[in-house]
Every structure is written in structure tokens, then in C-alpha cells.
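A structural walkthrough
In case you want the letters, here they are:
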Amino acid sequence: MSARRIFAGPARLAAIAPYAWMVLFFLVPFGFVLKISLSQTAIAQPPYVPVFDVTEGWASIKAAFGQLSLDNFRLLVSDDLYISSYLRSVLVAVISTAILLLIGYPVAYGMARLPKRWQPIAMMLVIVPFWTSFLIRIYAWINILQHDGLLNKVLLALHIVSKPVVWLSTDTAMYIGIVYSYLPFMILPLYATLAKMDGSLLEAAGDLGASPARAFWLVTFPLSLPGVAAGVLLCFIPIVGEFVIPDLLAGSGSMMIGQTLWLEFFTNKDWPVASAAAVALLLLLIPPLLLYDRLQRRTLAGGG
Amino acid sequence: MGRRVNQMSRFNITALALGLAFLYLPIVILILYSFNASRLVTVWGGWSLRWYHEFFNDRAMLDAAWMSLRVAAVSATVATLLGTLAAIGLARGERFKGRSLFSSMLYAPLVMPEVISGLSLLLLFVALNAERGFWTVTIAHTTLTMCFVTVVVQSRLASLDRSLEEAAMDLGCDPVKAFLSVTLPLIVPAIVAGWMLAFTLSLDDVVIASFTTGPGSATLPIRIYSEVRLGVKPEINAICTMVIALIAVVIVIASFASKLSSSQGKSAAPL
Amino acid sequence: MTEESPDIETPKADVAAEPATPEPPAEAIAASAPQVEPAGEPPLLRIEGVGKSFGNFRAVDRLSLDIRAGEFFALLGPSGCGKTTLLRMLAGFETPDEGRILLGGNDIAQVPPHLRPVNMMFQNYALFPHLSVRDNIAFGLKRAGMARAEIATRVAEMVSLVRLEGMEKRKPDQLSGGQKQRVALARSLARRPQVLLLDEPLAALDKKLRESTQHELMELQRRLGMTFIIVTHDQEEAMTVANRIGVMNAGRLEQVATPRDLYEAPHSRWIAEFIGDVNLFEGDAGWRQGNRLTVAIKDGDTITVGEPRQPVTKTAVCVAIRPEKVKLSRRGPVSDAANTHAINRLEGVVSDVGYLGGLTVYKVKLDSGIVVRSSMANTARLNMDGYLVGQRVVAWFTPDDCMVLEQ
């Protein structure tokens, strides 16, 4: 261990700057979110009270603490708007993740079964769209899904439908957008575990009398579960808080929590309620985040 | 090899082909329509560069594009520096106090909904009384993208044979020199990949930028977003095509550079 | 670190008194009479009570060992015995929890690896993939601040030493396994370390290449007169290359001896079983007659053995005999007046015949139920008078070929 210990000293020194950065710009801001979620809305700049003013000393801070309240959270649990957007977020995330898994798994499996020299190319093909802008990809779908867009044209030409179908501003469009945007995040971890799998395991299963389908269910699938977990978490967590895709593709009838937060913040200028919504969203995401954190640490630290 | 090909069922090939078509078709259509002469985005009116012209005469769009490029370049560079240092700390620092907090802080932003990151950073900037604009967006993007850099570089460091560093020490290098003369050249491809990733993520972001920017300093995605909300415009197709082209050029240059710097040729997979 | 290792005129620093082992050698075998170095000459490397634990696991347990300049010393042991940890402590990659490591009289136990006049050849070679063969070899010389021209000369010298002329510009991934091994060797020799440490240096090579490389290593070591310490789990390799072997088990040195002594005069039952193949008979030491000791083995048989140098103190003993020293015949040895009574004869039935090419190994099930192995060299191609399974035979061996070990 001690050769490693010789390295550990300078390596820890290297970590000081990023550590300080993350504490200041990632950890501390959550404190502000929490604090403001307990504050009152005010027509002021910034639009909330109390405002901590460190220059006025400890007494003012103590006084400010007295003004904090749980009112915003009471609003969140009593107003249907928030509850329904909360539930809708979870529902959308669950359905999208399920669709992603159903599409992503066969693709990843197909990639892992490709001849070795084709695999890097297939992987590049999956990654490249991820490099192109996410907003652009959503926009590309608007092109296709709009009233006189390509999809309706094709459907009309093939006489599958007799008049243009409304695609945009529907949940279908939103699901297409989400699945499209998050597909690489599902495929890559799945591919990583499936590609590592020893092909002789399947041969052994076959040799022991399992049909290919049974061999898949009894051997391949259980062994790919870590990849499934990674892919699911990598998709589920950000989808719950997704804003841009539902905003651009879904109808205005019901909102996801991210949209509600955005609306409160930018349109209603109600920062305390927006913060409370953020805290609520974060609370919802803590279990999957912890799971993800553990998984990530195992895969990254395990290599060393 | 041949046996493997035989194992490829028709199902596998179909799944793969459909998946890839799903990924690429929308982009191809978007690029195609950016060269459409017709104002109606869905009617093909022949080839034209009209919408590119339009963009280069659109002052506001150009400003936003310039702002985005500057933010992306600065934040990607700072993020690469910080992310690489963080990766070194995690991959070589062994166990230290606060390590798990550190790694959690670095992994969480990868999946954290952007509305939360954006809102929390804004509240920080407000509390600090910082003037919102170029620097606040840059700091916000640095915070998000350095985590991606960390993951890319850390996984390369973790897969690197530790005995190479030991050999360097055995041959007279102190730890820092061993790192600089052996480890660093070997992780350059990952660092380059990390920079590229950070650059494109920054160029892509709407949500965090919307929260952290100030009046009069919109980024390109913010502009595109507000245009898109109003419907499809051929000019947006042209802008998107150029962004795609820019990213493609960055990727090509960067992968070329990483090949040159590392004779190994085994460039780390981006993410 | 340009300091050169002291010149050794005759690099046959042989076995001397063993300070490391708990007891002096039991028997001295005439053929390898210890050749003590001039008295007063301190050992080049002295390991004193060195211990190292990883958590609860005691990897190296208060181990002491002296290694003289010019020796080719092998650390041999099963995996997990601590041999690699010991080597890594010598290189500086691990710091001992206790004890001292004296190199030329200076304690280097706490000195970091880059400041030690010791170099290591890594098991996987650890060649820098981004550097050419030349730059790999020059790597350590540059750190030592050597002049450019001098580096060029030294690299050329090393390249010719390991016969890699023409390969200088290649990168490691353009080399074969054997070539990589040579580059690793050249790189670790280039700084002319006082001690060269080799961690399983030949494990990655195939059998044929390994054997020829073993001889090249010995040749090189003899020519350079350098001190080599090799870690290996392959006893044949250790016996081939080393002039002295330290056998490790569970963090301790079981025995330090020449290859021959290890094989013919093991200190313990563990060593006897670890090194080579052996037949073991448990029994009780019985009466003495002249220089013969009679041991009553479990099932009524007795075995007469040569009186060990080291007097047996306990009655429960173990008689060990190597299979090649057990002879088979249909009726037992032709009686030879004086000696007949002293020759051990055990009767039984051949239960298994294993033909190995150069040797044939017979298993003989004695009437008492014990199985004895006998290996016989196939010295003639057309000699078909082997023994068949089921055949009744006499297994016999002389008292002097037996080793008595305490249980």
C-alpha cells in the first residue's frame, strides 16, 4: 500500500481546488435553496424575505431565522397543481424508463453480439448523436412531428391515416422526445456489462441443455442487472426533473415538476415556492441518487 | 469471428438498425431542411443557403452564438483543469477524510435535474450579489461539466497499470515527476475527450444558462429555445446545422490531436 | 545514483552460515560444501526483523536475511507467502512496519523508491507504452542527471547486452513477449543498481523461451557480477538460476539454503513436501545401532535410516525419501553381504504406472496399505522391462537416502 501512499499525498493536494469549487458551487447553493424555500415571497429584489445580511451581524441572522416558515411546503401539499405535477413527473419517468429499457436492451445486446471489430464503430454510432446538441435533437423532432411534418406526410402517403394526426403537444410526442434524448444513456451502461460477459457462459448453458431463450433468461439477463440498474438510474433521475422536453413537446394541460418550478420562478417570480418545489424534488430523488452514488463509486473505484 | 457472425440473429441486426435509424434520421432531416429554399419548412423548394444568410444578418443570434462559444471555451478549459485534478485526487488519493462527500458531489450533478442545479446556483449568485452574465454562466457550466471530465479521466486513471508509476519511481522519479512523465502522457486522450464533452455540454445547455444568465446576455441555446417555442423556423434549422458542424469539427480535431499526442492510439471512449 | 556495484571476482558466493534460519543446517551435503566469504566482510544487504501487515493479514513476519554481494538469490514460496511483499519492501514500494533493511550498512527501510540504489524488473514489465525502447532504457538515466552522450553510450551498451540491436525505435506494443522482457531487463540494469530485484520476471513467457531466458539471466548475472534477487513461485526456475534460495511460507523463511541442500536436506516436513516430490512415512524413532537409526512406521514395518547430524529429540518422526531414490525390483536387491541387513525393503503391488517420457513413476501399494512412489529414468529406448500394474515388487532404498524430519 505504501507506494500508493507516496502518491496519495500529492494526489490529495490536487483535489483541494476542485473540492473547494464543488463545496462552493454545488453544496453551499443547496443551503440557499433550503433557506429560501422557508422564506416568504416579497415584491422586492431579491423577491423574498427575510434576507440574511451578514454585514448586520449575528442578531439580524437570528431574527431572520424567526421569520422562516414551512408555509411554502404546506402550499405544495395542499395545492392540486403541485401534487399532480409531482405525481406526473414520477409517472412519466417510470414509463419513459421502461420504454428506454425495452428499446435499449435489444440494441445493446445486438451491439455486444457484433463481431469484435464492429463493436467500437457501433459504439461510436450510438455516442455521436449524444454529442450533437440535445436541444437540436428535440427541435429535429418538432420538424418531424408538426402538423404538416414528415411523419404525417408519410402516414398520409401510405394511407395509414386519412387526415393529419396531431402529434405535437401530446404525451406521445413527449415520450418520443425523452426516449430519443436518453437512449444513449440507457444503451451505453447496458452495452458495457453485456460486452464484458464471457461468451462461453452461454455456450456452457447451451451445453447443459438450456435453449437459447432460456440461456438468455437464466444467464445473460441476471448477469446484466448491474448494467440495467445503471441505465435505469441514469435515465430515471434526470427525467423526473426534465423541463425542456415536456415544455416543447407535451401539451400544456398538465405539467411536470420541473415545469412547475420554472413557471413559479420565471413567470410568477415566486422564488420561495420554486425553491420549495426544488427541495421536494430533491427529497424524491434522494433514494435513487444514493443508489446511483453507490453504483458509480463501485464501478469507478473498483478499477484501481 | 465467423462463429460470432453466425450468432448474430436477424433479430439482433434489425434491433440495431432500427435503433440507429431512430437516432440519426431526425438529425439528417433537420440538416436537409436547413438547405430548403422554401419558407414553409415542410415543402421542399429546392437547394438554397438562404437561411444561413439570414442567420449571419441576425445580430441578436450572432451575439448569442458568440457568447455561447466564449462560455463553452472558457468553462470547458477550467472544467478540464479542475476535473482532471479531481480525478487524480479520487483515483490516486486513496482514502482520505471527506472523500465520499467529494465523490458524491462530483457524481450527483451528472444526473441531477438541471432545474435544481440552475436554481441553486442562481440563489447563490444572488446571495453573493454577483452581477449575472458571462461569468455566472461560465461558473455554472464549469461546475456541471467538470463532473463529466472527472468521470472520463478517473476511469482512464483507474484502468491504467499502477506498476507503470512504480516503475517510474523505481527509475528515479519522485511521485510528481512520475505522474508528469508517465501517467499524464497516457491519460491525455481522456483529458482531450473530457474537454470536448465539457465544450459540447456547455454549448448545449438551456436550463442552467436560463437561470444563471442576466438580462442582455442570452446564450445561443436560450435564443434557439425561445424561437422554437414559437414554432419551427427555417433559420433555426440552419443554426442547428452549423452547431452540429462545429461540434463535428471539434471532435475531429480533438481526436486527431489525442492520436498525435498518444502514440497508443487507444483513445478513451467519451463517457 | 551512478555509483557502481562493487566488483566481484568470483560470483560464486555460496552458502554460508544461515543467520536467517532458526537452526543451523541439519546435514551438510559434501558436494556443496559451504564456501564462506572472507570473515569480516559484511553482507551487501541485511534484512533485520522486518515485518509488514495489511490490516489483520501478516504478510511478512519478523523476517531476517543476509544477502552477499554477487549472489543470485531466489525467494521461493506459494502464492500469498509474502515473497512479493518482501521484494516490494526492498524496492521501496512498501514500508516495513518494523525492522531494518541495511544496504551497504545504511538503513533504507524508510527511503522512498526513487532514492534507492536498487532497481526492479516488474512481472508485467511495466514498459512505458508511450516511449520507444531507447527512451524506456534511458528513462532512469535521465532522472539521474547523466550527460546526454553518456546516456547514449549506456543505452547502446544495454541494447547490445540484451541483444535488441535495431529495435531501439520501436514502441513496446511492437515487440514480442520475449523482447519486452529484454527491454524491461535492460531498463532496470541501465542504472547499474547495487541490487536488481526481479519479480516473477519470466512468468509471462512460454516454457521453452523461459528455459533459455533463465540461462541468459544466469549468464548475465555472472558477467556483470551484480546482486540479483528473484521472486518466483516456480521451484525449477529458482533451482536453475539461484545459488541460494530462501523458501517462504506464511510470512516467514522456512529455510535458506543452496538448491541442493533444500532438496536433499530439507529442514522440515513442509519444505520436503514443498520442494519436489517425496514419500513420507510417519513413525516413532526406535533404537540406534552404530550410525543407523531404526524408525518403526505405522503398520509394523521398520525403516533404517542414516543417523541424522542433528540428533532427533522427539520420538514422533517422519521419514522422507525422494521417489527417484526408491528402486523397484522383482525380488529385492542382490544381497551384498555387509549391507543387506541395512537396506530397507518394502513389499507391495504396483497399483499405477505413469509414463512421463524421461521418467516412469510407479505407485506401489504396500501390504500395509501405504502407497510408495518410485520414479525410474527411462535410460534405454527399447528397454521394455518395466513393471505392470498388479505385479508384485519390492521397493527398496538405502538408509543414507532417507531423511529424518521431526513431525
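Quick caveat: nothing in here was measured; it's all calculated off a predicted structure. (Residues numbered from 1 in each chain as written. Chains lettered and ligands numbered in written order. Predicted model: local features only at pLDDT ≥ 70, side-chain atom pairs only at ≥ 80, totals over all residues.)

Focus: the overall build of chain B
- Within chain B, the regular secondary structure consists of twelve helices and zero strands.
- With respect to the principal axes defined by its C-alpha atoms, chain B has extents near 70 × 65 × 30 Å.
- Classification of the 271 residues of chain B by burial places 54% in the buried group.
- If you take every contact in chain B between residues at least 6 apart in sequence, the share linking residues at least 24 apart comes to 78%. (Helix = DSSP H or I, 4+ residues; strand = E, 2+ residues; numbered from the N terminus. Buried ≥ 20, exposed ≤ 12 C-beta atoms within 10 Å, placed from the backbone. Contact = placed C-beta atoms within 7 Å.)

A few points about the nonpolar core
- A277(A), L119(B), L197(C), I229(C) and V319(C) are the most contacted members of the largest nonpolar core, which totals 286 residues.
- Two domains each donate at least three residues to this core, and these are domain 1 (12-264) and domain 2 (277-406) of chain C.
- Apart from residues lying up to four places away in sequence, L119(B) is in contact with V33(A), L261(A), F265(A), A274(A), S275(A), A278(A) and F211(B). (Core = buried A, V, L, I, M, F, W, Y, C linked by C-beta atoms within 7 Å. Domains from an automatic or database assignment.)

A closer look at the sheet that holds strand β2 (residues 57-67) of chain C
Residues and elements named next belong to chain C.
- Spatially, four strands are ordered β2-β1-β4-β5 in an open sheet, and the strand pairing comes out antiparallel. The sheet is open, and its two edges are formed by β2 and β5 (106-107), each paired on a single side.
- Judged from the seven bridges that link them, strand β1 (residues 45-54) and β2 form a sheet pairing that is antiparallel. Residue pairing for β2: R46 is matched across the bridge by D66.
- Each of β1, β2 and β4 (98-103) touches helix α1 (residues 83-91); the most contacted strand, β2, lies at about 60° to it. (Pairing = 2+ DSSP bridges. Axes fitted to C-alpha atoms, helices over the stretch in contact; angles between N-to-C directions.)

Digging into the interface of chain A and chain B
- The interface is formed by 88 residues belonging to chain A together with 84 residues belonging to chain B.
- The leading source of residues in the side of chain A that touches chain B is helix α1 (residues 2-37) of chain A, at 25 residues.
- Class assignment of the residues belonging to the side of chain A that touches chain B gives a composition of 67 nonpolar, twelve polar and nine charged. (Nonpolar A, V, L, I, M, F, W, Y, C, P; charged D, E, K, R; others polar.)

Examining the sheet that holds strand β18 (residues 371-377) of chain C
Residue and element names in this part refer to chain C.
- Judged by pairing direction, the sheet is antiparallel, and its five strands sit side by side in the order β15-β19-β16-β17-β18 without closing on themselves. Of all strands in the sheet, those bounded by a partner on one side alone are β15 (327-329) and β18. On average, each strand axis in the sheet is inclined to that of its neighbour by 45°, with strand direction left out of account.
- Taken together, the seven bridges between strand β17 (residues 359-366) and β18 define a ladder with antiparallel strand orientation. Bridge assignment links Y362 to a residue of β18, and that residue is S374.

Looking at the environment of R134(C)
All names here are of chain C.
- Along the polypeptide, R134 turns up in helix α2 (residues 133-143).
- For the pair R134 and S212, spaced 78 residues apart in sequence, the C-alpha separation works out to 24 Å.
- Discounting residues that sit within four places of it in the chain, R134 has contacts with V155, E168 and K169.

A closer look at helix α5 (residues 207-224) of chain C
All names here are of chain C.
- For α5, built from 18 residues, the straight-helix expectation of 26 Å at 1.5 Å per residue is met to within 8% by its first-to-last C-alpha distance of 26 Å.
- By the burial criterion, the buried members of α5 are T213, Q214, L217 and Q221. For α5, the arc enclosing every buried residue in end-on projection is 115°, short of the 170-degree limit, so these residues lie on one face. Along α5, the residues that are exposed and aim more than 90 degrees away from the buried face are K208, S212, H215, E219 and R223.
- As for α5, its buried residues are in contact with β3 (72-76), α4 (177-189), β8 (227-232) and α6 (235-241).
- One or two positions beyond α5, positive phi appears at G225, with a value near 60°. (Expected span 1.5 Å × (residues − 1). Arc of directions from axis to C-beta.)

Some remarks on the confidence of the model for chain B
Residue and element names in this part refer to chain B.
- Of all residues in chain B, 91% have pLDDT values of 70 or greater, and the mean over the chain is 85.
- Residue range residues 1-6 is modelled with pLDDT below 50. Its contacts to residues more than four positions away, or to other chains, number three contacts.
- Note on residues 263-271: pLDDT under 50 across the span, and 24 contacts to partners over four residues away in sequence or across chains.
- Both scores are given for the predicted complex: the pTM is 0.82, the ipTM 0.86. (pLDDT = per-residue confidence, 0-100.)

Some words on the packing of α2(C) against helix α3 (residues 148-161) of chain C
Residue and element names in this part refer to chain C.
- Close contact between α2 and α3 brings their axes to 10 Å; oriented N to C, the two are set at 130°. Between α2 and α3, the crossing angle belongs to the class labelled oblique. The crossing of α2 and α3 is right-handed. Side by side, α2 and α3 meet where R134, I137, A138, L141 and K142 of the first sit next to I151, R154, V155, M158 and V159 of the second.
- Partitioning the contact of α2 with α3 into residue classes produces seven nonpolar, no polar and three charged. (Parallel < 35°, antiparallel > 145°, perpendicular 65-115°, else oblique. Left-handed = near helix turned anticlockwise from the far one by under 90°.)

Description of unusual backbone geometry
- At S169(A), a residue that is not glycine, the phi angle is positive and equals roughly 60°.
- Tracing the sequence through the fold places S169(A) in the loop between α7 (150-157) and α8 (171-196).
- One non-glycine residue, R163(C), lies in the positive phi region at around 55°.
- With respect to the secondary-structure elements, R163(C) resides in the loop between α3 and α4.
- Judged by local crowding, R163(C) falls into the exposed class, with 12 C-beta atoms found within 10 Å.

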